[in-house]
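Read off the chains here:
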Amino acid sequence: MARYELRCRECGKAWGNQPRSICDDCFSPLEVFYDYDYVRATFTRERISQQPPNMWRYAALLPLPEGFRPSLPVGFTPLLNAPHLAERLETNRLFIKNDAVCLPTLSFKDRVVAVALAQARNFGFDTVACSSTGNLANAVAAQAARGGFKAWIFIPADLEPAKILGTKVYGARVVPIAGSYDQVNRLCSQIADEHRWGFVNVNLRAYYAEGSKTVGFEIAEQLGWRLPDNVVVPMAGGSLINKIKKAFDELIELGLVEPKPVKIFGAQATGCSPISTAVKAGQKDIEPQKPATLARSLAIGNPADGHYAIKTISKSGGWAEDVSDHEVVECIQLLAETEGVFTETAGGVTVGTAHKLYQQGRIAPDETTVLCITGNGLKTTDALAGKYETEAAIPPKLAEFEKYLQNKLEVPETVEV
Ligand SMILES: *Cc1c(COP(=O)(O)O)cnc(C)c1O
Ligand SMILES: [Zn+2]
């Protein structure tokens with residue numbers, strides 16, 4: 001086989017490399033398989049550590065075309081220890097993987113798009129497209145601009161204004177659809193059959209999804225080539241969570257880390273929780289939901305990889321939980337106040353879920369736990385509407401400030417968890 005190729009996840013049929021995401025024989029999703037013996041020679045800790053600090057240092061385990069030259073330093077975001085948040089959650093050894101500062105568009109979706117567009121060029125597409133809950137729209141639009149592609153972006157019309165603006169600014173064509181993400185996505189599958197466009201999360205989905213593995217590679221490398229005991233991962237389509245697990249398995253397979261069981265925990269908003277609901281009920285499959293949550297980036301009612309996410313979570317000995325919109329907002333504030341990280345709603349979901357998991361005793365305080373913070377709070381400021389009142393301005397006089405200070409000191413402000 002080539003260095004990598006598409007194969008059916010269920011029947012195993014090989015499909016070579018082409019813009020296709022479903023097996024025609026059994027209608028299951030395709031997955032990228034690698035020739036690990038080929039990879040083994042070049043994928044060593046030493047080689048990797050000599051590379052620049054971005055996701056391309058793991059190129060040997062990404063489905064990139066021959067001769068691919070990256071033009072953007074995507075990924076390698078900070079892994080922060082989070083002692084203050086840990087204290088508030090009554091635990092230790094807590095880390096934040098901070099993709100709120102992933103470049104170029106401040107979410108982990110930059111990673112998946114970087115891989116998808118490499119293949120889009122390889123397959124000769126001059127137009128790229130996607131259905132998006134917001135962050136993917138931003139990432140496709142920005143990287144298409146830089147890569148010289150035309151971009152068509154399909155979104156539910158009620159997305160956060162910052163995510164819509166942060167797509168249009170790159171010159172992408174944005175098509176608002178009066179419907180849910182699931183309806184937008186279905187439409188995109190139909191459009192992909194009619195137009196020769198590279199839909200990053202439809203016909204290029206198998207390649208796109210591999211980009212998410214770099215979150216897992218980085219966590220291990222940043223922990224000193226060790227795997228954590230637990231990861232908590234927000235879930236929309238359920239792809240990221242599976243790929244973090246795949247990344248850990250590959251590192252073990254290639255001997256870069258000691259084998260170790262890692263518990264994989266999934267996080268959702270209660271208003272759109274098809275995966276966590278199934279995990280908690282002990283079901284193997286998703287019952288689609290109609291999303292009603294502030295956490296728009298996670299609002300996928302019929303997640304494409306939901307079935308596999310359930311499997312990954314259960315097999316690892318992990319669990320899934322979900323939190324209310326109220327908790328999401330409080331946890332956005334909590335993370336900002338404790339660790340100086342302003343995350344979007346999805347990050348609030350992750351922190352809130354971690355809180356629940358600690359309370360339930362599903363994560364022990366002395367275990368090493370990584371929370372995946374996947375997006376930036378500046379894109380979802382609407383979630384905090386009404387939280388901070390605009391105060392009347394005071395005159396630029398010291399005496400006025402002293403008076404103001406006296407008043408303020410009487411009322412300390414922090415969030416309670
Ligand atoms: C898309 C997204 C996710 C979830 O990704 P899936 O791979 O679809 O599960 C998590 N967080 C943010 C901020 C996202 O935009
Ligand atoms: Zn098949």
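Above this text sits the structure in question.
Residues numbered from 1 in each chain as written. Chains lettered and ligands numbered in written order. Predicted model: local features only at pLDDT ≥ 70, side-chain atom pairs only at ≥ 80, totals over all residues. Heavy atoms only, no water.

Let us now look at the overall build of the chain. For the chain, the helix and strand inventory stands at 15 helices and 13 strands. Since a compact globule built from 417 residues should have a radius of gyration of about 22 Å, the 21 Å found for the chain is in line with a globular shape. Each principal axis of the C-alpha distribution contributes one length, and for the chain these read about 75 × 45 × 45 Å. Counting all 417 residues of the chain, 55% fall into the buried class. For the chain, long-range pairs separated by at least 24 residues make up 70% of all intrachain contacts whose partners lie at least 6 apart in sequence. For the chain, the centre of its 44 positive side-chain charges and the centre of its 48 negative side-chain charges are spaced 6 Å apart. (Helix = DSSP H or I, 4+ residues; strand = E, 2+ residues; numbered from the N terminus. Rg over C-alpha atoms; globule rule 2.2 N^0.38 Å. Buried < 20%, exposed > 50% of the residue type's maximum accessible area, 1.4 Å probe, protein only. Contact = heavy atoms within 4.5 Å. Lys, Arg positive; Asp, Glu negative; His and termini not counted. Charge placed at Lys NZ, Arg CZ, Asp CG, Glu CD.)

Binding of the zinc ion (ligand 2) to the protein goes through Cys-8 (SG), Cys-11 (SG), Cys-23 (SG) and Cys-26 (SG), at separations of 2.3 Å. Here the zinc ion (ligand 2) is ringed by four donor atoms whose angles at the metal span 96 to 122°, and the overall shape comes out tetrahedral. The sequence motif formed by the donor residues of the zinc ion (ligand 2) is C-x2-C-x11-C-x2-C. Of this pair, Cys-8 sits in strand E1 (residues 4-8) while Cys-26 sits in the loop between strand E2 (14-16) and strand E3 (30-34), and the two are 18 residues apart along the sequence. (Donors = N, O, S within 2.8 Å, 3.2 Å for Na, K, Ca; no water. Tetrahedral: all angles 85-135°; square planar, octahedral: opposite > 155°, others 65-115°.)

Now for the side chain of Thr-374. Take Thr-374: it is sitting in the loop between strand E13 (369-373) and helix H15 (398-409). For Thr-374, a relative accessible area of 9% corresponds to the buried category. Filtering out sequence-adjacent residues up to four positions away, Thr-374 remains in contact with Asp-99, Ala-100, Leu-106, Ser-107, Phe-108, Pro-234, Leu-240 and Ala-346.

This next bit is on the state of the cysteines. Tallying each qualifying case throughout the model produces zero disulfides. Cys-188 supplies the cysteine sulfur nearest to Cys-272, a cysteine that is in no disulfide, at a spacing of 18 Å. Relative accessible area serves as the criterion here: at 1%, Cys-272 is assigned to the buried category. Counting only cysteine sulfurs, Cys-372 is the nearest neighbor of Cys-331, a cysteine outside any disulfide, at a range of 16 Å. (Disulfide = S-S within 2.5 Å.)

For the rest of this paragraph, the subject is the environment of Pro-65. Within the fold, Pro-65 resides in the loop between helix H2 (45-49) and strand E4 (79-81). The class of Pro-65 is buried, set by a relative accessible area of 13%. Remark: the alpha-carbon pair of Pro-65 and Asn-122, spanning 57 residues in sequence, is separated by 6.5 Å. When near neighbours in sequence (up to four residues on either side) are disregarded, Pro-65 contacts Tyr-4, Ala-118, Gln-119 and Asn-122.

The environment of ligand 1 is formed by 15 residues, the closest being Lys-109, Gly-237, Gly-238, Leu-240 and Thr-374. Here an oxygen atom of ligand 1 and a side-chain polar atom of Lys-109 are 2.8 Å apart. Ser-239 places a polar main-chain atom, nitrogen or oxygen, 3.3 Å from an oxygen atom of ligand 1. When ligand 1 sits alone it has 380 Å² of accessible area, and the protein chains cover 96% of it. Considering only residue class, the shell around ligand 1 consists of seven nonpolar, six polar and two charged. (Near = heavy atom within 4 Å. Polar contact = N/O pair within 3.5 Å; in protein donor to acceptor, adjacent residues only side chain to side chain. Areas by Shrake-Rupley, 256 points an atom, 1.4 Å probe, with all protein chains shown as cover. Nonpolar A, V, L, I, M, F, W, Y, C, P; charged D, E, K, R; others polar.)

Before going further, it helps to spend a moment on unusual backbone geometry. Here the bond from Leu-103 into Pro-104 is cis, since omega is 5°, no more than 30 degrees from zero. Mapped onto the elements of the fold, Pro-104 is located in the loop between strand E5 (94-98) and helix H4 (109-122). Residues other than glycine seldom take positive phi values, yet Arg-93 does so here, at roughly 50°. Relative to the elements of secondary structure, Arg-93 occurs in the loop between helix H3 (83-88) and E5.

To continue, consider a nonpolar patch on the surface. On the surface, Ile-394, Leu-398 and Phe-401 cluster together into a nonpolar patch covering about 290 Å² of accessible area. Note on placement: Leu-398 falls in helix H15. With a relative accessible area of 63%, Leu-398 lands in the exposed category. (Patch = residues over 30% accessible without salt bridge, like charges linked within 9 Å, V, L, I, M, F, W, Y side chains within 5 Å. Salt bridge = Lys/Arg side-chain N within 4 Å of Asp/Glu carboxyl O.)

Examined against the element boundaries, Thr-353 turns out to sit in helix H14 (residues 345-359). Sequence-distant contacts of Thr-353, defined by excluding residues within four places in its chain, comprise Val-232, Gly-266, Ala-267, Gln-268, Glu-321, Asp-322 and Val-323.

Note that every value here comes from positions in space, so none of it alone points to a role or purpose.
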